[in-house]
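If you want the building blocks of each chain, they are given just below.
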Amino acid sequence: SPGAAFVFLFAGPVSNIASILVLSKALGKKNIVLYIFSVVVAAVGFGLLFDLLYQRFNFTLQGNLSLGSAGAAGEYFNYAAALVFFVITVKGIYKTLKHKLGFR
C-alpha cells in the first residue's frame, strides 16, 4: 500500500544504526528508547493516515518507467553522466593513493 511505502521512506533514514548510535551518546539510553518509540508511532500513524486519505479521495498512483521515452538525448545524457561519475571516482582514488603512498 502507499502508506507502507511512506513508512519505509519516513522511518528508514531516521532509524539507521549510525544515527541511533550518535544520538544515544548525546541523549542517553532512556531518551533514545523514547526517540525510537516516537518514530515508530509517528511512522505507523502517518502511514495509516496516508492509506485512509488514499482510499477516501480515490487517488491514483501512476508512473512512467519506460526508459526509451527520452529518445537519443536521454541516452547521450546517461553516457555523459556515467563519464562524469567515472572521472570523479578515478580522481578520488588517485588522490587517496597519492596521499597514502607519499607522493606530492
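Provided above is the structure to which this section pertains.
Scope of this entry: the structure provided in the associated data block. (Residues numbered from 1 in each chain as written. Predicted model: local features only at pLDDT ≥ 70, side-chain atom pairs only at ≥ 80, totals over all residues. Heavy atoms only, no water.)

A few points about the overall build of the chain
(1) Moving on: Each helix and strand counted, the chain has 4 helices and 0 strands in total.
(2) Moving on: Beginning at the N terminus, the succession of helices and strands in the chain can be written as α-α-α-α.
(3) Moving on: Within the chain, the fraction of its 104 residues that count as buried is 10%.
(4) Moving on: Sequence separation of 24 or more characterises 67% of the internal contacts of the chain that already satisfy a separation of 6 or more.
(5) Moving on: Per element, the accessible surface of the chain, about 9100 Å² overall, is 72% carbon and sulfur. (Helix = DSSP H or I, 4+ residues; strand = E, 2+ residues; numbered from the N terminus. Buried < 20%, exposed > 50% of the residue type's maximum accessible area, 1.4 Å probe, protein only. Contact = heavy atoms within 4.5 Å. Areas by Shrake-Rupley, 256 points an atom, 1.4 Å probe, with all protein chains shown as cover.)

Some remarks on helix H3 (residues 29–56)
(1) Moving on: With 28 residues, H3 extends 40 Å between its outermost C-alpha atoms, agreeing within 8% with the 40 Å of an ideal straight helix rising 1.5 Å per residue.
(2) Moving on: Where H3 ends, the next residue or the one after it, Asn 58, has phi of about 50°, a positive value. (Expected span 1.5 Å × (residues − 1).)

What about the packing of helix H2 (residues 17–27) against H3?
(1) Moving on: At their nearest, the axes of H2 and H3 sit 7 Å apart, and the two run at 135° to each other. Viewed along their axes, H2 and H3 adopt a mutual orientation that is oblique. In terms of crossing hand, the pair formed by H2 and H3 is right-handed. Along the contact surface, H2 presents Ile 20, Leu 23, Ser 24 and Leu 27, while H3 presents Lys 29, Asn 31, Ile 32, Tyr 35 and Ile 36.
(2) Moving on: Here the residues of the contact of H2 with H3 are counted per class, giving 6 nonpolar, 2 polar and 1 charged. (Axes fitted to C-alpha atoms, helices over the stretch in contact; angles between N-to-C directions. Parallel < 35°, antiparallel > 145°, perpendicular 65-115°, else oblique. Left-handed = near helix turned anticlockwise from the far one by under 90°. Nonpolar A, V, L, I, M, F, W, Y, C, P; charged D, E, K, R; others polar.)

Examining the packing of aromatic side chains
(1) Moving on: The full count for this structure, using the stated rule, is 3 aromatic pairs.
(2) Moving on: Where Phe 6 meets Phe 50, the ring centres are 5.7 Å apart and the plane angle is 5°; that geometry is what we call stacked. Of the two residues, Phe 6 is situated in helix H1 (residues 2–14) and Phe 50 in helix H3; the sequence distance between them amounts to 44 residues.
(3) Moving on: Among the residues examined, Phe 50 registers a relative accessible area of 37% and is labelled partly exposed.
(4) Moving on: Relative to Phe 46, the ring of Phe 10 lies with its centre 6.4 Å away and its plane at 65°, an arrangement referred to as edge-to-face. Pair noted here: Phe 10 is in helix H1 and Phe 46 is in helix H3, with a separation of 36 residues, a long-range link.
(5) Moving on: With a relative accessible area of 45%, Phe 46 lands in the partly exposed category.
(6) Moving on: Here the aromatic cluster, defined as three or more aromatic residues joined through ring pairs, consists of Phe 6, Phe 10, Phe 46 and Phe 50. (Phe/Tyr/Trp six-rings, centres within 6.5 Å; stacked < 30°, edge-to-face > 60°.)

Brief notes about the packing of H1 against H3
(1) Moving on: Where H1 meets H3, the closest approach of the two axes is 8 Å, and the angle between their N-to-C directions is 155°. Classified by the interaxial angle, the pair formed by H1 and H3 is roughly antiparallel. Relative to H3, H1 is oriented so that their crossing is right-handed. Residues Pro 2, Gly 3, Ala 4, Phe 6, Val 7, Phe 10, Ala 11 and Val 14 of H1 form the contact with H3, whose participating residues are Tyr 35, Val 39, Ala 42, Ala 43, Val 44, Phe 46, Gly 47, Phe 50, Asp 51 and Tyr 54.
(2) Moving on: A per-class count over the contact of H1 with H3 returns 15 nonpolar, 2 polar and 1 charged.

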